[in-house]
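Topology and contacts: notes
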Amino acid sequence: MPLPVDTTPFTEPDSVNLLQRIQAHPVPTTLRGAPISTTFVHWPCPSPQDAPPFLLIHGFDSSVVEFRRLMPLLARHRDVWAIDLLSFGFTERPQDVPYTAASLNAHLYAAWKTLIGQPVVIVGASMGGAAALDLALTHPEVATSLVLLDSAGPARGPNLSRFLPPGVGQLAAEVLRNPQVRQRISRQAYCDPSFASADAARCAALHLACPNWRRALAAFTRSGGYNVLTRQQIAQVNQPTLLVWGENDAILGTALAAQLRDLIPNSELRWVERCGHVPHLEQPKATAELITAWMK
């Protein structure tokens, strides 16, 4: 079922093109009796290839819209899917499910099984990289290989945020709704701050109007988010893995890139010049070329 998205305010063709492709489908999960309406984009390859499709996983407080520049480039080579994680994007946020890394993993697996049902190349950006690693570890049959774009990595210590009162988490979520705060974070994500355009700001804020956005984001944050994978777990990833990293990442830095390369046994690291934390948005052509060359 296509979602009715008003594309009038958007100026970039990539934004309009992807927004017109967003769909929703009920996905049965182990989390509740009723299915969860899950949003996704499926971008078929014009010349179908006998190769695993791509599955793109977005980052924290984001949506499938963040892949608006990368999806059409990858779709020249094979089918591409992008799925909104539970508690993010435009996917339904039921009040009767927990919002934890385990729940996101269970929902993502169910969405893959319902919508795609065949092995994929998982491409995870930022927090989506941790989600990709988690899915590959818990359900290795899903992934033939992994591509991690400036990915989150091992857990950084115990989850102290679980001791915060619920109101604190909701206040933090409300701060993220502030346009000035979002713009400041957006500018930091790029090497060239001119990429933090008005169109980009609209894309990044679309999902804030979804029901239960603040409550779900606060609950996920209080759960510790994706601060769950240990170094020992990441070292058990068997799939071939490509790490693509912006040389000027001011969000996660660059030291984590080498750390993940050393942890994941069958991995390679490629740098993107003049690029910050979001290579799929700032340098989509270079990012797509690195991915497709590595796949060959």
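The shown structure was predicted, so the numbers you read here are calculated from the model rather than taken from an experiment. (Residues numbered from 1 in each chain as written. Predicted model: local features only at pLDDT ≥ 70, side-chain atom pairs only at ≥ 80, totals over all residues. Heavy atoms only, no water.)

**As for the environment of Asp 61**
Looking at the secondary structure, you find Asp 61 in the loop between strand 3 (54-57) and helix 2 (71-74). Between the C-alpha atom of Asp 61 and that of Leu 208, which follows or precedes it by 147 residues, the distance is 8.9 Å. Here His 207 takes part through its side chain, which lies 2.9 Å from a polar atom of the side chain of Asp 61. Within the local environment of Asp 61, its side chain forms a polar contact with the side chain of Trp 213, the two groups lying 3.3 Å apart. (Helix = DSSP H or I, 4+ residues; strand = E, 2+ residues; numbered from the N terminus. Polar contact = N/O pair within 3.5 Å; in protein donor to acceptor, adjacent residues only side chain to side chain.)

**Some words on the packing of helix 3 (residues 101-116) against helix 4 (residues 127-138)**
Between helix 3 and helix 4, the least distance of the axes is 10 Å, while the angle of their chain directions is 70 degrees. In terms of orientation, helix 3 lies roughly perpendicular with respect to helix 4. For the pair helix 3 and helix 4, the sense of crossing is right-handed. Every residue of helix 4 that contacts helix 3 at Ala 101, Leu 104, Asn 105, Leu 108 and Tyr 109 is listed here: Met 127, Asp 134, Leu 135 and Thr 138. (Axes fitted to C-alpha atoms, helices over the stretch in contact; angles between N-to-C directions. Parallel < 35°, antiparallel > 145°, perpendicular 65-115°, else oblique. Left-handed = near helix turned anticlockwise from the far one by under 90°. Contact = heavy atoms within 4.5 Å.)

**Some words on the sheet that holds strand 6 (residues 143-149)**
The 8 strands lie next to each other as 1-2-4-3-5-6-7-8, forming an open sheet whose pairing is mixed. Of all strands in the sheet, those bounded by a partner on one side alone are strand 1 (23-27) and strand 8 (267-272). Averaged over all pairs of adjacent strands, the angle between strand axes in this sheet comes to 25 degrees, irrespective of strand direction. (Pairing = 2+ DSSP bridges.)

**Points about the nonpolar core**
Counting 54 residues, the largest nonpolar core has Ile 57, Ile 83, Leu 104, Ile 116, Ile 122, Leu 133 and Tyr 226 as the members making the most contacts within it. Counting residues per element, this core draws most heavily on helix 3, at 9 residues. Once residues lying within four places of it in the same chain are set aside, the contact partners of Ile 116 are Pro 53, Leu 55, Trp 81, Ile 83 and Ala 111. Counting 34 residues, the second largest nonpolar core, distinct from the first, contains Leu 18, Val 65, Val 147 and Cys 275. (Core = buried A, V, L, I, M, F, W, Y, C linked by side-chain atoms within 4.5 Å. Buried < 20%, exposed > 50% of the residue type's maximum accessible area, 1.4 Å probe, protein only.)

**With respect to the environment of Thr 230**
The topology assignment puts Thr 230 in the loop between helix 8 (213-222) and helix 9 (231-234). Taking the relative accessible area as the measure of exposure, Thr 230 reaches 33% and is therefore partly exposed. For Thr 230 and Trp 271, which are 41 residues apart along the polypeptide, the C-alpha to C-alpha distance reads 24 Å.

**Quick word on the pattern of salt bridges**
Enumeration over the complete set of coordinates arrives at 7 salt bridges. Arg 32 serves as the salt-bridge partner of Glu 92, at 4.0 Å between the closest nitrogen and oxygen. Here the residue Glu 92 occupies a position in the loop between strand 4 (80-83) and helix 3, and Arg 32 occupies one in the loop between strand 1 and strand 2 (36-43), the gap between them amounting to 60 residues. Take Glu 92: its relative accessible area is 30%, and that puts it in the partly exposed class. Two residues, Glu 268 and Arg 270, come together in a salt bridge whose shortest N-O distance is 2.6 Å. Overlapping salt bridges bring together Arg 32, Glu 92 and Asp 96 as one network. (Salt bridge = Lys/Arg side-chain N within 4 Å of Asp/Glu carboxyl O.)

**Observations regarding the confidence of the model for the protein**
The share of residues in the protein with pLDDT of 70 or more is 94%, and the mean pLDDT across the chain is 92. The model gives residues 159-164 a pLDDT under 50, and that stretch makes 8 contacts with residues more than four places away or in other chains. (pLDDT = per-residue confidence, 0-100.)

**A few points about the side chain of Thr 292**
Within the element layout of this structure, Thr 292 appears in helix 12 (residues 284-295). Classification of Thr 292 as buried rests on a relative accessible area of 11%. Here Ala 288 takes part through its backbone oxygen, which lies 2.9 Å from a polar atom of the side chain of Thr 292.

**Considerations on the pairing of strand 2**
Within strand 2, 6 of the 8 residues are buried, which leaves it mostly tucked inside the rest of the structure. Pairing between strand 1 and strand 2: 5 bridges, direction antiparallel. Looking at the pairing, His 25 lines up with Thr 38 of strand 2.

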